[in-house]
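Coordinates in review
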Amino acid sequence: MVFGDNTNNIPKVSEDSQDNRILLKGKVILEGIVELQTGIHIGGNKETLKIGGTDNPVIKDANGLIYIPGSSLKGKIRSLLEKVYGTYKIDNDTKNRIPKNNGEPCECGQCDICQLFGPHNSNNIIKPPRVVVRDAYLVKKENNELVKLKEINDYLEIKPENMIDRLKGTAKHPRFTERVVKGSRFKFEVVFNIYEKNDKELIKKFIEGMKLLEDDYLGGSGSRGYGKIKFKELKLINRPKKYYEGNANEIIMPNKPTDNLDELIKILDNDLDKKDDNDNNFWIYDQNDLNDN
Ligand SMILES: [Zn+2]
């Protein structure tokens with residue numbers, strides 16, 4: 001892959017191979033907040049279990065800070081999109097109805113999901129996957145600053161659960177699950193690598209997946225009411241190749257962060273050619289940029 005090919009020490013590519021080059025045109029960064037509408041549990045490491053602790057702690061990083069792993073967010077959004085777009089199949093021929101791909105992610109390499117997230121089978125990669133999902137850290141409501149280690153207990157609760165014995169009516173198998181409390185907020189960041197103009201369709205697909213996630217759940221025990229989330233304070237930051245070369249500013253849309261995912265889809269659909277105050281288009285991957293070598 002060739003980045004910023006305006007320097008002299010990068011070898012020239014022969015004319016006839018130019019059409020096949022994979023060139024990064026820029027990055028679009030989606031920033032915002034994941035706000036918990038119900039308590040969330042994303043499993044941590046049980047080896048940290050202490051006497052008197054919980055059976056099932058939430059995940060924390062090496063410094064003890066609470067976060068939602070990028071892999072959890074990405075994997076959940078991907079699996080929801082795969083159910084909508086039919087890459088998840090059940091084999092009707094077998095009695096046991098095991099899904100054809102055993103419930104694994106799509107590996108075709110061709111579909112939008114594979115182009116966005118990368119095929120499950122890395123041999124089928126055609127172009128580099130477009131999306132990078134960062135770990136989302138717990139932040140304070142007032143100023144979106146990281147919640148420090150000594151403040152973390154304010155954001156945690158221990159939820160007891162058990163099973164009711166059907167005959168005796170008594171509680172069995174009590175267990176204690178640690179949850180991050182309702183109302184907590186995590187700052188998230190998603191990076192889209194842009195290779196061609198049509199990649200905006202892939203960004204729209206990802207945002208569709210975020211809408212699906214708002215009506216689903218993140219983390220464990222969703223069917224028991226855990227992990228309902230809402231995306232808030234969303235904005236798209238466009239950083240074209242020229243920004244990294246020092247020749248352009250980033251462009252942020254909308255002007256005021258929004259809680260509305262449809263507004264972001266609308267920006268990608270309709271507002272791309274609008275000019276900002278500095279006479280920049282948000283989406284500047286037009287034909288000239290695509291030919292700009
Ligand atoms: Zn696929």
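These remarks concern the structure in this document. Residue positions are given per chain, counted from 1 along the sequence in the order it is written. For this predicted model, a pLDDT threshold of at least 70 governs which residues receive local features, and a threshold of 80 or more governs which side-chain atom pairs are given and counted, while totals over whole chains, interfaces and linings are taken from all residues. To obtain the side-chain values, all non-hydrogen atoms of the structure were used and water was disregarded.

Considering helix 3 (residues 199-214)
- Going along the chain from the N terminus, every DSSP run of H or I of four or more residues is numbered as a helix, and every run of E of two or more is numbered as a strand. Given a helix with a known number of residues, its expected span is that number minus one, times 1.5 Å. Its 16 residues place the ends of helix 3 23 Å apart at the C-alpha level, agreeing with the 22 Å of an ideal helix rising 1.5 Å per residue.
- Burial status follows relative accessibility: with a 1.4 Å probe on protein chains alone, a residue under 20% of its type maximum counts as buried, one over 50% as exposed, and anything between as partly exposed. Buried residues of helix 3: Asp199, Lys200, Leu202, Ile203, Lys204, Lys205, Phe206, Ile207, Gly209, Met210, Leu213 and Glu214, and no others.

Some remarks on the packing of helix 3 against helix 5 (residues 261-270)
- Whenever a helix is involved, its axis is fitted only over the stretch in contact; in every case the axis is a line through C-alpha atoms, and angles between N-to-C directions fall within 0 to 180 degrees. Viewed as axis vectors pointing N to C, helix 3 and helix 5 meet at an angle of 170°, and their least axial separation amounts to 10 Å. Taken together, the axis directions place helix 3 and helix 5 in an arrangement best described as roughly antiparallel. In contact with Lys200, Ile203, Lys204, Ile207, Glu208, Met210, Lys211 and Glu214 of helix 3, helix 5 contributes Leu261, Asp262, Leu264, Ile265, Leu268 and Asp269.
- Under the grouping applied here, Gly and all other residues not named as nonpolar or charged are polar, the nonpolar ones being Ala, Val, Leu, Ile, Met, Phe, Trp, Tyr, Cys and Pro and the charged ones Asp, Glu, Lys and Arg. Tallied by class, residues from the contact of helix 3 with helix 5 come to seven nonpolar, no polar and seven charged. Each angle is binned into one of four classes, with values under 35 degrees roughly parallel, values over 145 roughly antiparallel, values of 65 to 115 roughly perpendicular, and all other values oblique. Any pair of residues with heavy atoms lying within 4.5 Å of one another is described as a contacting pair.

Observations regarding the packing of helix 1 (residues 70-84) against helix 3
- It is at 9 Å that the axes of helix 1 and helix 3 come closest, and there the two elements cross at 95°. It follows that helix 1 is roughly perpendicular to helix 3 by the angle criterion. Every residue of helix 3 that contacts helix 1 at Leu73, Lys76, Ile77, Leu80, Leu81 and Val84 is listed here: Lys205, Phe206, Glu208, Gly209, Met210, Leu212 and Leu213.
- A class-by-class count of the residues in the contact of helix 1 with helix 3 yields nine nonpolar, one polar and three charged.

So yeah, pure geometry; function would need other evidence.
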